[in-house]
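What follows is each chain in one-letter form.
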Amino acid sequence: MLAAMLERVCRVGFLVVDDVVVTFGGVRALDGASFAVEVSQICGLIGPNGAGKTSLFNVISGLYRPDAGRVSLAGQDILALPANGVARAGIARTFQNLGLFASQSVLENVMLGAYHRTRAGFLGGMLRLPAATREGRRIRDEALAILDLLGLGRYADHPAQGLPFGTLKRVELGRALAAHPRLLMLDEPANGLTHGEVAEFGELILQLREELRLTVLLVEHHMGLVMGVSDTVVALNFGRKIAEGTPDEVRQNDDLIAAYLGTAA
Amino acid sequence: MTYFLQQVVDGVSTGVIYALLGLAMVLIFRATGIINFAQGELATIAAFFAWQLNLWGLPIWLAIAATAVIGFGAGAAIERVVIRPVANKDHFTLIMVTLGLFMITNAVTGLVWGYTIQAFPDPFPVAAWTVHGVSLSLASVGTIVIVCVVGFLLYQLFHRTRLGLGMRAAISNPESARLSGIDVGRMQMIGWGLAAMVGTLAGALAAPKLFLEPNMMLGVLTYAFAAVIVGGLDSPLGAVVGGLAIGVTENLAGAYLYDFVGNDLKIAVPLALVFGILLVRPQGLFGRRAVARA
Amino acid sequence: MRISLRERGTSVSPFATSPLRTAMMGVLALAAVVLPFVLSSFVTFQLSMALIYAIAALSIVLLTGMNGQIALGHGAFFGLGAYTTAILVQNHGWHFLLTMPVGALLCFVLGVLIGIPALRLRGAYLAVLTLSVAFLFPLVIKRFNDFTGGSSGMTISQDLLDAPEWSGLSRDRFHYFLALLVLMVLLVLTRNLLRGRTGRAIVGIRDNEIAAITVGIHLPTVKTITFGISAAFAGVAGCLYTVTIAFVSSDAFPVQMSINFLIGAVVGGLYNIYGSIIGGLVLEFLPQYSQSLSPSLTAFVYGAALIVILLVMPGGAAALIGKALDGVGRLVSGRRPGSGESTVAVPVSSEPISSESIRSGDDDPVAPAGSSPP
Ligand SMILES: Nc1ncnc2c1ncn2[C@@H]1O[C@H](COP(=O)(O)OP(=O)(O)OP(=O)(O)O)[C@@H](O)[C@H]1O
Ligand SMILES: [Mg+2]
């Protein structure tokens, strides 16, 4: 059973996106996109504005129901899950334009990332049952450690609003890490970072992949970053895959160049 | 059968009042994207105003017309002074502000005219026809005609005029509407002004049936809400159909479910129905489905 | 994770204390205990009512302030609690203390039942749904007047509401301390709840539903149970109302009562559980003074206060007091600003800012896709 599953995962990939179609009225945001990502690989997802990258994230995280297609993670059908069950399946994400809990502190935001792997309920919270209190302390310590790792320690008590955009994107990354994901999806994480910070961020992603054996799906317009850290790159245009391969292969791809120059149909 | 028809007809003639107030709400919703909790109270104060003018010697129709004109100004002023400053706040603030307006209007009405019930002169002469045993009063027919005319005019306004199309643009995207040269502020003021006019009619036509007192429109408000929810907040046709449906349901419930619901609870039947519908078709029966947007 | 776990000393609790706050709480607590022994029994009665309204305002703070579900119908839960006590004590001979858990439970169940359709509604639609509940409650009471006394009401024999022998207190004082105790207990329970995992979820849903879903929060569960708890709080307040006033009638629970609860919560401070105490005091005492001037003045002041507070100080009186205390604290100790922040941050805007999140259009009452499992 386990062996069979492992084999299946190795053969077809850890994350499998298969022929996904998403339409909004007349717009085909995704039009049969397919690709796979192996365990502990970093996959760069690129494409011009409106190519469907964010829509794909929304499909994988259960926020959009696709018109057709399949998505699986380690053989598990992701589309069969309710949107709030995706986190438990091991998927965490950040949002292109931030999806933080603005009134809560940076620390609380990161602690909320661990929501799906904690238990304390209404009664436990109200009555401060020992199990709930213990769990809360443990998660808090973990969250603080994550904040330190991301260099956010001194913002722990700061509300998650009124900080620079780049800092908030890191807070979101912290929240995603607190979920202990297997698949980490980052939507334009380098947006709002300075040149030096981008390089640092690239290092961080590689380090996280190394230490936590994360599989990463990375949407980014910053080509230097994508090409620098990705093992494979998938390029979308008009919801369709137009190129796939190693960064070097993709860089040479004529369709992609045309798409970015705006000459492709 | 005659009894049934009579109940339906009576239901329609109460329903048109809900429809009329509902139309005022649709106007405000189309103009500013707000559900106005104060709509009923604004109608009440207008009715009092018309009643006062009539008392001072103005013929009732003239009093209503004058109130409608003044109401237009008052509505526009409210938009400018109270609503504009909160226009880009969240839903909660907007709802609470109109609730505040509700309380203030109600209080002012009570302050000026007191809480004794007043008789409002019927704008229609007393007359009735009997068709196949079903009696139909001139007041009912007149009110129905007025509602249909107002509904039709609003429909034309929304779909045929620059103003109405501008409203639509301003609601769905105020920024780009502003950029494309639409004077959003002026449009919203006009929207509130027109709504106050329609509300004046609603108040004046409801008052003879309900007796004039500061809380007279509370029930009507709840029903008008229900009407626009069934009909779709942005649809004048929906408000009319919704209002009529609610009036008829209420009346039929009172007639046929009396043993079970009694006189007090017949009101609950249409409300229950409305929320049933809302659960199945949240955008209402005639409303456009808003496209979810990421 | 290989990431080291390091202990840290900072507290991020929105309820962080400062010496000044502790001192203020101490003075208030002392006053709360001493006052009924120095004031007349009528004023003690009024204070009991203020505490009861504070509990009602607390129920709104939890549901509307923290969870973002607008509540315009809590007068109905209040009334249900009130009738539960009235009927059980007067007709069935129960001790009034025992009726409170029953009232709470009934309201919890009704709250969950109303919370379920409320899941699919947002903003103004939810307001209308809850308003309809408030509107219907007195009518239901009238409909079943054999049972409830309808609009002529139902008087509870005073001797059934006497203070128990062991307390050694007069009736008014006992009722006062009962209300005080219940308010304190509910405040502590709410504070505990909000500090923990579920509290973060409750506020998280208000802040950003999409993000809440993605971290794994099951919105329907959290929202309906929060609705139920809030309703139970209002119900307990209603039980205490009957105990204190010894009379219920359908006219005692008009639509305005529900609106007033919300206003009390807003004036006291929608985003601070202790604001509900101020809300309760306002709801009890403001009408006493304004009513004597003119019967409509209360509504006018409420309406005006509502608009002004929302525009000028969305955090209500609690935020104002918090700011003042911080100011004084800074003057006294010269500490850095903000170190004693006690209010839960006011939401920036109830809509999530991100264009990323799936936002429903203004005229769309439906919760966003995925908020309920398919
Ligand atoms: N909820 C929605 N409703 C309507 N159209 C949508 C929705 N979400 C996405 N779209 C459309 O789908 C297409 C793909 O959008 P998407 O956000 O996925 O692109 P993207 O690749 O992330 O672009 P960018 O680089 O600008 O972030 C666009 O045309 C967009 O307008
Ligand atoms: Mg995108």
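Residues numbered from 1 in each chain as written. Chains lettered and ligands numbered in written order. Predicted model: local features only at pLDDT ≥ 70, side-chain atom pairs only at ≥ 80, totals over all residues. Heavy atoms only, no water.

1. Brief notes about the overall build of chain B
Logical step 1: Scanning chain B from terminus to terminus reveals twelve helices and two strands.
Logical step 2: For chain B, the succession of helices and strands along the chain, N to C, is α-α-α-α-β-β-α-α-α-α-α-α-α-α.
Logical step 3: Radius of gyration (C-alpha) of chain B: 19 Å, near the 19 Å computed for a compact globule of 294 residues.
Logical step 4: Taken over the C-alpha atoms alone, chain B extends approximately 60 × 50 × 35 Å along its principal axes.
Logical step 5: The 294 residues of chain B split such that 58% are buried.
Logical step 6: Here the contacts in chain B between residues at least 6 apart in sequence split such that 74% fall between residues at least 24 apart.
Logical step 7: Here chain B contributes 15 positively and 12 negatively charged side chains, and the mean placements of these two sets differ by 16 Å. (Helix = DSSP H or I, 4+ residues; strand = E, 2+ residues; numbered from the N terminus. Rg over C-alpha atoms; globule rule 2.2 N^0.38 Å. Buried < 20%, exposed > 50% of the residue type's maximum accessible area, 1.4 Å probe, protein only. Contact = heavy atoms within 4.5 Å. Lys, Arg positive; Asp, Glu negative; His and termini not counted. Charge placed at Lys NZ, Arg CZ, Asp CG, Glu CD.)

2. Things to note about the confidence of the model for chain C
Residues and elements named next belong to chain C.
Logical step 1: Averaged over chain C, the pLDDT score is 84; the fraction of residues at 70 or greater is 84%.
Logical step 2: Segment residues 337-344 is flagged for pLDDT under 50; beyond a separation of four residues in sequence, or across chains, it makes 23 contacts in the model.
Logical step 3: Low pLDDT, under 50, characterises residues 349-374; the predicted model gives this stretch 76 contacts beyond four residues in sequence or across chains. (pLDDT = per-residue confidence, 0-100.)

3. A look at the packing of aromatic side chains
Logical step 1: The final tally for this structure, using the stated rule, is 23 aromatic pairs over all chains.
Logical step 2: Consider the rings of Phe48(B) and Trp113(B), whose centres lie 5.1 Å apart with planes at 15°: the pair is stacked. Of this pair, Phe48(B) sits in helix α2 (residues 39-55) while Trp113(B) is found in helix α4 (residues 91-113), placing the two residues 65 residues apart along the sequence. Taken as a pair, Phe48(B) and Trp113(B) share a single burial class, namely buried.
Logical step 3: Ring centres 5.3 Å apart and planes at 65° place the aromatic pair Phe78(C) and Tyr241(C) in the edge-to-face group. Of this pair, Phe78(C) sits in helix α3 (residues 74-92) while Tyr241(C) sits in helix α10 (residues 219-245), and the two are 163 residues apart along the sequence.
Logical step 4: A relative accessible area of 0% places Phe78(C) in the buried class.
Logical step 5: Every member of this aromatic cluster is reached through a ring pair, and the members are Tyr53(C), Phe78(C), Tyr83(C), Phe137(C), Tyr241(C), Phe253(C) and Phe261(C).
Logical step 6: Its end group placed over the ring of Phe158(B), Arg30(B) keeps NZ or CZ at 4.0 Å from the ring centre.
Logical step 7: The ring of Phe144(C) carries the charged tip of Arg143(C) above its face, separated from the ring centre by 5.2 Å. (Phe/Tyr/Trp six-rings, centres within 6.5 Å; stacked < 30°, edge-to-face > 60°. Lys NZ or Arg CZ within 6 Å of the ring centre and 35° of its normal.)

4. A word on the coordination of the magnesium ion (ligand 2)
Residues and elements named next belong to chain A.
Logical step 1: Around the magnesium ion (ligand 2), the protein contributes the donor atoms Thr 54 (OG1) and Gln 96 (OE1), which lie 1.9 to 2.1 Å from the metal centre. Residue Thr 54 is located in helix α2 (residues 53-60), and its partner Gln 96 is located in the loop between β6 (91-93) and α3 (106-113); the two are separated by 42 residues in the primary sequence.
Logical step 2: Residue classification places Thr 54 among the buried positions, given a relative accessible area of 18%. (Donors = N, O, S within 2.8 Å, 3.2 Å for Na, K, Ca; no water.)

5. A word on the nonpolar core
Logical step 1: Counting 214 residues, the largest nonpolar core has Phe37(B), Phe78(C) and Ile217(C) as its most contacted members.
Logical step 2: Top contributing element to this core by residue count: helix α2 (residues 41-66) of chain C, with 16 residues.
Logical step 3: Among all residues touching Phe37(B), those that are not within four sequence positions of it are Ile95(B), Thr98(B), Leu99(B), Phe102(B), Leu221(B), Phe225(B), Leu72(C), Ala127(C), Val128(C) and Leu131(C).
Logical step 4: Core analysis: the next-biggest nonpolar cluster, separate from the first, contains 41 residues, Val106(A), Leu107(A), Tyr155(A) and Leu204(A) among them. (Core = buried A, V, L, I, M, F, W, Y, C linked by side-chain atoms within 4.5 Å.)

6. Observations regarding the interface of chain B and chain C
Logical step 1: Every contact between the two is made by 51 residues of chain B and, on the other side, 53 residues of chain C.
Logical step 2: Overall, the association of chain B and chain C removes approximately 4600 Å² of surface from exposure, summing both partners, and the carbon and sulfur fraction of that is 77%.
Logical step 3: Applying the counting criterion to the chain B and chain C interface returns zero salt bridges.
Logical step 4: There are two residue pairs in polar contact (both at pLDDT 80 or more) connecting chain B and chain C.
Logical step 5: Classifying every residue of the side of chain B that touches chain C by side-chain character gives 35 nonpolar, eight polar and eight charged. (Buried area = accessible area lost by both parts, 1.4 Å probe. Salt bridge = Lys/Arg side-chain N within 4 Å of Asp/Glu carboxyl O. Polar contact = N/O pair within 3.5 Å; in protein donor to acceptor, adjacent residues only side chain to side chain. Nonpolar A, V, L, I, M, F, W, Y, C, P; charged D, E, K, R; others polar.)

7. Thoughts on the site of ligand 1
Logical step 1: The environment of ligand 1 is formed by 17 residues, the closest being Asn49(A), Lys53(A), Thr54(A), Ser55(A) and Gln96(A).
Logical step 2: Positioned at a junction of chains, ligand 1 has nearby residues supplied by chains A and B.
Logical step 3: Asn49(A) places a side-chain nitrogen or oxygen 2.8 Å from an oxygen atom of ligand 1.
Logical step 4: In the environment of ligand 1, an oxygen atom lies 2.6 Å from a nitrogen or oxygen atom belonging to the side chain of Thr54(A).
Logical step 5: For ligand 1, whose accessible area on its own is 630 Å², the fraction buried by protein is 82%.
Logical step 6: For the shell around ligand 1, the secondary-structure elements that each account for two or more residues are β2 (27-37) and α2 of chain A.
Logical step 7: Tallying contributions element by element places α2(A) first for the shell around ligand 1, with three residues.
Logical step 8: Looking at the shell around ligand 1 residue by residue, the classes come out as seven nonpolar, seven polar and three charged. (Near = heavy atom within 4 Å. Areas by Shrake-Rupley, 256 points an atom, 1.4 Å probe, with all protein chains shown as cover.)

8. What about the sheet that holds β6(A)?
All names here are of chain A.
Logical step 1: With respect to topology, six strands assemble into an open sheet ordered β6-β7-β8-β3-β9-β10, the strand pairing being mixed. Here the strands that pair on one side only, and so sit at the sheet edges, are β6 and β10 (240-245). Ignoring strand direction, the axes of neighbouring strands in this sheet form an average angle of 20°.
Logical step 2: Where strand β7 (residues 183-187) lies against strand β8 (residues 215-219), five bridges are found, and the strand directions are parallel. (Pairing = 2+ DSSP bridges. Axes fitted to C-alpha atoms, helices over the stretch in contact; angles between N-to-C directions.)

9. So, the pattern of salt bridges
Residue and element names in this part refer to chain A.
Logical step 1: The final tally for this structure, using the stated rule, is 15 salt bridges over all chains.
Logical step 2: We note a salt bridge from Glu 142 to Arg 138, for which the minimum N-O separation is 3.6 Å. Of this pair, Glu 142 and Arg 138 are both found in helix α5 (residues 130-149), four residues apart, which corresponds to roughly one turn of the helix.
Logical step 3: According to the relative accessible area criterion, Arg 138 is partly exposed, its value standing at 40%.
Logical step 4: Among the charged side chains, a salt-bridge network with shared partners connects Arg 28, Asp 31 and Arg 240.

10. Quick word on the environment of Met49(C)
Residues and elements named next belong to chain C.
Logical step 1: Looking at where Met 49 falls in the secondary structure, it is placed in helix α2.
Logical step 2: Exposure remark for Met 49: the relative accessible area of 2% places this residue in the buried category.
Logical step 3: Residues Met 49 and Tyr 176, 127 residues apart in the sequence, show an inter-C-alpha distance of 8.3 Å.

11. Brief notes about α10(C)
Residue and element names in this part refer to chain C.
Logical step 1: Taking 1.5 Å of rise per residue, 27 residues should cover 39 Å, and α10 covers 38 Å from first to last C-alpha, within 8% of that figure.
Logical step 2: Most of α10 is tucked away: 24 of the 27 residues are buried.
Logical step 3: Phi for Ala 246, located one or two positions after α10, is positive at around 65°. (Expected span 1.5 Å × (residues − 1).)

12. Focus: the sheet that holds strand β1 (residues 15-24) of chain A
Residues and elements named next belong to chain A.
Logical step 1: Spatial ordering of the open sheet is given by β2-β1-β4-β5, a layout of four strands whose pairing is antiparallel. The sheet is open, and its two borders are formed by β2 and β5 (76-77), each paired with just one other strand.
Logical step 2: With two bridges connecting them, strand β4 (residues 68-73) and β5 associate as antiparallel partners. From the neighbouring strand, Leu 73 faces β5, where its bridge partner is Gln 76.

13. Things to note about the pairing of strand β1 (residues 128-131) of chain B
Residues and elements named next belong to chain B.
Logical step 1: Two strands pair when backbone bridges link them, and β1 and strand β2 (residues 134-137) are joined in this way by four bridges, in the antiparallel orientation. The residue bridging Ala 128 from the neighbouring strand is Ser 137, located in β2.
Logical step 2: The turn joining β1 and β2, which pair antiparallel and follow one another in sequence, is formed by two residues; a positive phi near 50° is taken by His 132.

14. Quick notes on the packing of α2(C) against α10(C)
Residues and elements named next belong to chain C.
Logical step 1: Following both chains from N to C, one finds α2 and α10 inclined at 170°, their axes separated by 8 Å at the closest point. The orientation of α2 with respect to α10, classified from their angle, is roughly antiparallel. Between α2, through Phe 45, Ser 48, Met 49, Ile 52, Tyr 53, Ile 55, Ala 56, Leu 58, Ser 59, Ile 60, Leu 62 and Leu 63, and α10, the contact on the second element is made entirely by Thr 226, Phe 227, Ile 229, Ser 230, Phe 233, Ala 234, Ala 237, Leu 240, Tyr 241, Thr 244 and Ile 245. (Parallel < 35°, antiparallel > 145°, perpendicular 65-115°, else oblique.)

15. Details of the environment of Ala31(C)
Logical step 1: Looking at the element boundaries, Ala31(C) is found in helix α1 (residues 19-38).
Logical step 2: Each C-alpha atom, one on Ala31(C) and one on Val140(C), is 41 Å from the other, the two residues being 109 residues apart in sequence.

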